[in-house]
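As a plain string of letters, each chain reads:
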Amino acid sequence: AKELEDVLNKYIKYSPIFAVNNDLASVEELAQAIKEKALFLVYQPQVTISDREVVGVEALVRWKHPTKGMIPPDYFIPMAEENGLIAAITMFTTKTAIRQQGIWRTQGRNMRMSINMSPKILDDLDLPSKIEACVKALGADISKLVIEVTETALTTNLALYMDILARLRMKGFGISIDDFGTGYSSLQQLIRAPFTELKIDRAFIRNIKTDKESYTISKISIMLAHEFGMKAVAEGIETEAEWNILKQLGCDEGQGYWIGRPMPPEEIESWIKSWSA
Ligand code: C2E
Ligand code: CA
Ligand code: CA
Ligand code: CA
């Protein structure tokens, strides 16, 4: 019972699912939250599927509202995109994630760090240099940084977007195509973009065992990734059965509740111990 309570507490603390869903926060409150540092990051582990090695984490932003509890990023990120606050949030997440990576490195853990970047922010040709400057100032290793972008973004302002991704890639960042299979980009666009990693959306992983279509889409995504020199990463792995299917399909890496939930940085070390045990 104590164990269950601990689990539930953790869940309530770090999972946005438990947030009050109506009457969510306003833009003013979000601006205030950024100023008052009410945003923070949690980190979800990514492991190799062949040998369960911990290779990196994805940084996920959280907002703890003083009275309303946790506000989900699926709610406030789109809001921030519409109201120009996304730049400030991205600055915060990038710096925080890179700093955390540095802390882990000094502790002897050279972790890859994946950071989500909204397509709305990738519309400025100076951005790659700005991010690079930030990374250098913080003494981070660019080759251990991955920028996750969504496929949907490929349809708007395409030439500029591709140019920015190419510049980031040239500077040494990994580029990951997030939520693969849910957007509308053409195969040609996908192949021309400098992606190093393809993330199969959790909508397919969730149904991989029961639904032939999801299974086939996952399988083809993995083949496609490998054919074009990308790593395939499955997100949202919730069961051992899903893990086993992905293993059989040759998926390189996995992420999901079955492996580890998004957690505050100080919990990573003990998670690694239990995962490796
Ligand atoms: P995403 O990039 O696709 O991130 C994965 C989401 O799936 C995360 O939700 C994660 O907590 C959740 N997840 C991970 N494993 C499982 C699982 O096994 N089962 C289920 N059901 N869910 C799982 P989260 O943290 O609520 O983030 C939602 C979305 O908000 C992200 O989707 C991303 O698009 C956006 N987001 C989060 N953090 C940031 C950020 O720092 N910047 C930007 N621009 N967007 C962010
Ligand atoms: Ca992501
Ligand atoms: Ca995703
Ligand atoms: Ca998503």
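In the block above lies the structure referred to throughout.
These numbers come from a predicted model, not from an experiment. (Residues numbered from 1 in each chain as written. Chains lettered and ligands numbered in written order. Predicted model: local features only at pLDDT ≥ 70, side-chain atom pairs only at ≥ 80, totals over all residues. Heavy atoms only, no water.)

1. A few points about the site of ligand 1
Close to ligand 1 lie 22 residues, the nearest being Gln44, Arg62, Arg202, Glu238 and Tyr257. In this structure, valine 61 approaches ligand 1 through a main-chain N or O atom, which is 3.1 Å from a nitrogen atom. The fraction of the free accessible surface of ligand 1 (800 Å²) that becomes covered by protein chains is 88%. Of all elements in the fold, only strand E2 (54-65), helix H3 (73-82) and strand E6 (174-180) reach the threshold of two or more residues within the shell around ligand 1. (Near = heavy atom within 4 Å. Polar contact = N/O pair within 3.5 Å; in protein donor to acceptor, adjacent residues only side chain to side chain. Areas by Shrake-Rupley, 256 points an atom, 1.4 Å probe, with all protein chains shown as cover. Helix = DSSP H or I, 4+ residues; strand = E, 2+ residues; numbered from the N terminus.)

2. Considerations on the coordination of the calcium ion (ligand 4)
Coordination sphere of the calcium ion (ligand 4), protein contribution only: Asp179 (OD) and Asp179 (OD), at 2.6 to 3.1 Å. The distance between the calcium ion (ligand 4) and the calcium ion (ligand 2) comes to 5.9 Å. Here aspartate 179 is to be found in strand E6. (Donors = N, O, S within 2.8 Å, 3.2 Å for Na, K, Ca; no water.)

3. With respect to the coordination of the calcium ion (ligand 2)
All of the protein donors around the calcium ion (ligand 2) are Glu58 (OE), Asn116 (OD1), Glu148 (OE) and Asp178 (OD); their distances to the metal are 2.1 to 2.3 Å. Spacing between the donor residues of the calcium ion (ligand 2) along their common chain follows E-x57-N-x31-E-x29-D. A gap of 3.9 Å separates the calcium ion (ligand 2) and the calcium ion (ligand 3), which aspartate 178 links by coordinating each metal. Note that glutamate 58 is positioned in strand E2 and aspartate 178 in strand E6, a separation of 120 residues in sequence. Take glutamate 58 and aspartate 178: they sit in the same class, and that class is buried. (Buried < 20%, exposed > 50% of the residue type's maximum accessible area, 1.4 Å probe, protein only.)

4. Comments concerning the pairing of strand E5 (residues 145-150)
Consecutive residues of a regular strand have side chains that alternate between opposite faces of the sheet. Buried residues dominate E5, accounting for five of its six residues. Bridge analysis of strand E4 (residues 112-116) against E5 gives four bridges, and the strand direction is parallel. Across the sheet, isoleucine 115 pairs through a bridge with isoleucine 147, a residue of E5. Handedness of the crossover is the feature at issue here: the chain leaves E4, passes through helix H5 (residues 127-137), returns alongside E5, and the resulting connection is right-handed. For E5 and E6, the ladder comprises five bridges, and the chain directions are parallel. Bridging from a neighbouring strand, isoleucine 147 pairs with isoleucine 175 of E6. (Pairing = 2+ DSSP bridges. Right-handed = clockwise from strand over helix to strand, strands pointing away.)

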